[in-house]
Amino acid sequence: MNEYVVEMKGIVKNFGQVQAVKHGEFTLKKGEIHSLIGENGAGKSTMMKLLYGMYPIDEGEIIVKGEPMGTITPKLAIEHGVGMVHQEFMLVNELTVLENIILGFEPKKGLTIDFDKARKEVKKYIEQYHMDVQLDKKVSQISVGEAQRVEIIKTLMRGADIIILDEPTAVLTPQEAERLFEILNNLKQDGKSLVFISHKLNEVMAISDRISVMRQGQYMGTVNKEETSPLDLTKRMIGREVFLNIDKAYSEAGDTILEVQDVWIPSQKETSKIRGMSLHVKTGEIVGVAGIDGNGQSELVEAITGLRKVEKGKILLCGKDITNQSPRKVRESGLSHIPEDRNTRGLNRAMTIEENLIAVRLDQPPFTRGIMMNKSGQDTYAKEMVEQFDIRPADYNLPTSSLSGGNAQKVVVAREVSLGNKLLVASQPTRGVDIGAIELIRNTLEKAKKAGAGVLLVSAELEEIISLSDRIVVIHEGKITGEMRADEANENNLGLLMMGGTDTGKDGEAAV
Ligand SMILES: Nc1ncnc2c1ncn2[C@@H]1O[C@H](COP(=O)(O)OP(=O)(O)O)[C@@H](O)[C@H]1O
Ligand SMILES: [Mg+2]
């Protein structure tokens, strides 16, 4: 009997001009957890969607349990025991958990659905793998971690013994991730074969038997966990060493530059409403806002930057009341902003790199001379920025729409930081960018702080918050649940506060 339940050989997949997978190789053994890692856009999701039959392959071969698949479809994949938990969950909010689990293949009793039989079957999995889920709750009422368990049960109900999880921990707190790992280990003990996609090396080192690396659509090799290290994996992922650890200087913070005073901010979403929040940022410090996405971070940033109205409370910038002022007015009062969504708010994609770099201060020297535009002043500045921030390709006449995510973000960061403003609000500044750009952006924020700016850093990456911030506030459902110095913070105490718990100061003793 073949040692592998899955073999993918010489895989090629193009989407029009985009070569998503140039050369993919992957094997899966029965009863192993095999991690697939790589930077954003490396082709990980595509490789696994090919195994799940979501797209036809252009070249290569997929063999499942010894059987060549030919043209693989989701139906064929499911029949061969392949299940996939996607990055975006595919559950129906208005239905109950049980209804979702049996959706599409209801066991029938006459003409009606046999809920009792389905419930029994589901309960069997819940007990066997210790996955607690509340079967009669609506999906809209359960947590993300629980929704993920529901997705896993769905694959099991369809007979999966090869289960693909695409970046399952991206939406979880560290504690929820721990629980997921226990379940994955239970599944493995039971002989299931698992594919775990991630770009978080500590998780991969914790959970995997084997690890495969992809870089820009290419297969970069497979290693046993025991034979590798985070450093080795990083080199394979990006082709060089990177230094994400900031050499942080705890400096004396200076004057208060931003004051948020008992602010209430409306939102469509219940959990994102800000209900009475106060915080401040001083010059020369980075204040990190930690929290799971959707707990009011975006609303807070929008209110500070003038993009969203405040119901109650006050926001002061450099001592000046900027509550409910226009974004332009707030900028003029000394705010720089790296927005969450660089494509809609950060950049005009149709404009060139140069035009974007100078967009917010076209009316200032050296870009104007009297009432005339000073083209050579603009060019000199753009050239300098492109060099200093390593924007590639280094041609400032290109439209920003032609840049990769990381380089587009460098344009935003270059523009905002070089304004030399007193306050810099950075919202998810490294989301979805490559690791080289992450390194540059983090160093830039640290430099801005050393130069005397106050930085409010909102990020869903705990590791980023801890390594950059001087002080950390944690937000949950629109309220601050805790505040601490960064050197007192770790994934445990922050994670508990992110779930709405209170920190007692000792690991593991916090009450939720
Ligand atoms: N359906 C699609 N259509 C066009 N391009 C795609 C599609 N899916 C993925 N891509 C592109 O293929 C490349 C690899 O993407 P993906 O497999 O999602 O990477 P990863 O999961 O490693 O981040 C990226 O450049 C992405 O933009
Ligand atoms: Mg992906």
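Before any of the text, the structure's been laid out above.
Residues numbered from 1 in each chain as written. Chains lettered and ligands numbered in written order. Predicted model: local features only at pLDDT ≥ 70, side-chain atom pairs only at ≥ 80, totals over all residues. Heavy atoms only, no water.

Enquirer: Give me the lowdown on the sheet that holds strand β16 (residues 312–317), citing residues and values where you can.
Expert: Strand order across the open sheet formed by four strands is β14-β13-β16-β17, with antiparallel pairing between neighbours. Of all the strands in the sheet, the pair left with one neighbour each is β14 (274–282) and β17 (320–321). In terms of strand pairing, strand β13 (residues 256–265) meets β16 through five bridges, oriented antiparallel. Directly across from E259, in β16, lies its bridge partner L316. (Pairing = 2+ DSSP bridges. Helix = DSSP H or I, 4+ residues; strand = E, 2+ residues; numbered from the N terminus.)

Enquirer: Help me get a handle on the site of ligand 1, residues and values and all.
Expert: Taken together, F15, V18, A20, E39, N40, G41, A42, G43, K44, S45, T46 and Y55 make up the full set of residues adjacent to ligand 1. A distance of 3.1 Å is found between an oxygen atom of ligand 1 and a backbone nitrogen or oxygen belonging to A42. The separation between an oxygen atom of ligand 1 and a polar side-chain atom of S45 is 2.9 Å. Starting from 560 Å² of accessible surface for ligand 1 in isolation, the protein chains cover 62%. For the shell around ligand 1, the element with the most residues is helix α1 (residues 44–51), which contributes three residues. Its residues assigned to classes, the shell around ligand 1 comprises five nonpolar, five polar and two charged. (Near = heavy atom within 4 Å. Polar contact = N/O pair within 3.5 Å; in protein donor to acceptor, adjacent residues only side chain to side chain. Areas by Shrake-Rupley, 256 points an atom, 1.4 Å probe, with all protein chains shown as cover. Nonpolar A, V, L, I, M, F, W, Y, C, P; charged D, E, K, R; others polar.)

Enquirer: Give me the lowdown on the pattern of salt bridges, citing residues and values where you can.
Expert: Inspection of the entire model under this criterion finds 29 salt bridges. The residue E79 makes a salt bridge to K75 at a minimum N-O spacing of 3.2 Å. Of this pair, E79 and K75 both sit in helix α2 (residues 74–79), four residues apart, which is roughly one turn of the helix. The same class applies to E79 and to K75, which are both exposed. Between D132 and R179 there is a salt bridge whose closest N-O contact spans 2.2 Å. Linking D132 in the loop between α4 (115–129) and α5 (144–157) with R179 in helix α6 (residues 174–189), this pair joins segments that are 47 residues apart in sequence. By relative accessible area, D132 is classed as partly exposed at 41%. (Salt bridge = Lys/Arg side-chain N within 4 Å of Asp/Glu carboxyl O. Buried < 20%, exposed > 50% of the residue type's maximum accessible area, 1.4 Å probe, protein only.)

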